[in-house]
Amino acid sequence: IIIVITTIVVFNQDDLGDQTAINNVVNDMDVQIREAQVYGISVKEFTSNSNEFSIAYGVDFNIGNTNASNNSFYTFADRTVVNGYFETSGTCTIGGSSECVGWNKLSRSNTITKLCVIKSDTTETCSPTIGRLAISFYRPNPDARIVFFSNTGSIVTSTYPGYLGARVEVTSPKGKKKSIVVYTTGQIAIQ
């Protein structure tokens, strides 16, 4: 009996580790998006003594454009032109006039496999059509501003009038999938 129980535990240990790792990655992404939301709709000075209070904060996912990475994403402060996306996606120099707040690497070989626009009829258009998306929050509006890019780098947000939100899908090395959904209303959900 002990051998059978031990065999079952050892056999399932790897699956449990894989599930735990993908849960942690998606939860970390959720925290980064919520932090951008809090910073963007509250009064947060960019850096001490910078006098920059009226800026948006956001998260940028890029898996299909120049400098793309399916295992990392950026947090940014939309400082130069408040346009809803990270001006220099693919590079993160913190300080000076840079918009980059942080570069976040996904752990344990988890990867971002899909970026999707949730259209007004609740159907989705995903990667490779959507190669990049940026989610930002700008005071005083609590709604999420989402900018979609085609796989060639062009902004295609206007192609989806009345879109409901965006979905980012993460896949574990063993093929488990979890998603984080951000609706235009500012609601964030893990699926």
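See the structure printed just above.
Here's what I pulled together on the structure shown here.

Parameters and conventions
Residues numbered from 1 in each chain as written. Predicted model: local features only at pLDDT ≥ 70, side-chain atom pairs only at ≥ 80, totals over all residues. Heavy atoms only, no water. Helix = DSSP H or I, 4+ residues; strand = E, 2+ residues; numbered from the N terminus. Buried < 20%, exposed > 50% of the residue type's maximum accessible area, 1.4 Å probe, protein only. Contact = heavy atoms within 4.5 Å. Areas by Shrake-Rupley, 256 points an atom, 1.4 Å probe, with all protein chains shown as cover. Lys, Arg positive; Asp, Glu negative; His and termini not counted. Charge placed at Lys NZ, Arg CZ, Asp CG, Glu CD. Expected span 1.5 Å × (residues − 1). Bend = angle between axes of the 7 residues up to and from the residue. Pairing = 2+ DSSP bridges. Axes fitted to C-alpha atoms, helices over the stretch in contact; angles between N-to-C directions. Disulfide = S-S within 2.5 Å. Patch = residues over 30% accessible without salt bridge, like charges linked within 9 Å, V, L, I, M, F, W, Y side chains within 5 Å. Salt bridge = Lys/Arg side-chain N within 4 Å of Asp/Glu carboxyl O.

Focus on the overall build of the chain
Here's step 1: A count of helices and strands for the chain gives one helix and ten strands.
Here's step 2: Element order for the chain, N to C, with α for helix and β for strand: α-β-β-β-β-β-β-β-β-β-β.
Here's step 3: By its C-alpha atoms, the chain is 65 × 40 × 30 Å across when sized along the principal axes.
Here's step 4: Classification of the 191 residues of the chain by burial places 45% in the buried group.
Here's step 5: Considering only contacts within the chain whose residues lie at least 6 apart along the sequence, 57% involve residues at least 24 apart.
Here's step 6: Surface accessibility of the chain: about 9500 Å² in total, with carbon and sulfur atoms responsible for 55%.
Here's step 7: Across the chain, the 15 positively charged side chains and the 16 negatively charged ones have centroids separated by 4 Å.

Digging into helix α1 (residues 2-41)
Here's step 1: Under the 1.5 Å per step criterion, the end-to-end length of α1 is 56 Å for 40 residues, consistent within 8% with the ideal 58 Å.
Here's step 2: The sharpest bend along α1 reaches about 35° and sits at Q13.

Some thoughts on the sheet that holds strand β6 (residues 130-138)
Here's step 1: Ordered by their spatial adjacency, five strands build an open sheet running β3-β2-β1-β6-β7, and the pairing between neighbours is antiparallel. Unpaired on one side and paired on the other, β3 (100-105) and β7 (141-150) mark the two borders of the sheet. Direction aside, neighbouring strands of the sheet carry axes that sit 20° apart on average.
Here's step 2: Of the pairings in the sheet, the one linking strand β1 (residues 56-62) to β6 comprises six bridges and is antiparallel in character. Along β6, the bridge assignment pairs G58 with S136.
Here's step 3: Sitting on the sheet, α1 touches β1, β2 (72-78), β3, β6 and β7, and the angle it makes with β1 is about 150°.

Comments concerning the state of the cysteines
Here's step 1: Taken as a whole and assessed by the stated rule, the structure comprises two disulfides.
Here's step 2: For C116, the disulfide goes to C126, at an S-S distance of 2.0 Å. Every disulfide takes its handedness from the sign of the S-S torsion; for C116 and C126 that torsion is 105°, giving right-handed. One end of the pair, C116, is in strand β4 (residues 111-118); the other, C126, is in strand β5 (residues 124-126), with ten residues separating them in the sequence. Judged on exposure class, the residue C116 and its partner C126 are both buried.
Here's step 3: Should the bonded cysteines of the chain be numbered as they appear in the sequence, the pairing reads 1-2, 3-4.

Some details on the pairing of strand β8 (residues 165-171)
Here's step 1: Most of β8 is tucked away: seven of the seven residues are buried.
Here's step 2: Of the two faces of β8, the one carrying G165, R167, E169 and T171 and the one carrying A166, V168 and V170 are both buried.
Here's step 3: The pairing of β4 with β8 spans seven bridges and is antiparallel. Bridge pairing in β8 places T111 opposite T171.

Side note on a nonpolar patch on the surface
Here's step 1: A cluster of nonpolar side chains, I1, I5 and V9, forms an exposed patch at the surface whose accessible area comes to about 340 Å².
Here's step 2: In this structure, V9 sits in helix α1.

Describing the sheet that holds β4
Each strand in a sheet pairs with its neighbour through backbone hydrogen bonds, running either in the same direction (parallel) or in the opposite one (antiparallel).
Here's step 1: Taken in spatial order, the five strands line up as β5-β4-β8-β9-β10 in an open sheet, and their pairing is antiparallel. The sheet terminates laterally at β5 and β10 (188-190), the two strands that pair on one side only. Averaged over neighbouring strand pairs, the angle between their axes works out to 20° when direction is ignored.
Here's step 2: Sheet topology note: the β8/strand β9 (residues 177-183) ladder contains seven bridges and is antiparallel. Residue pairing for β9: G165 is matched across the bridge by Y183.

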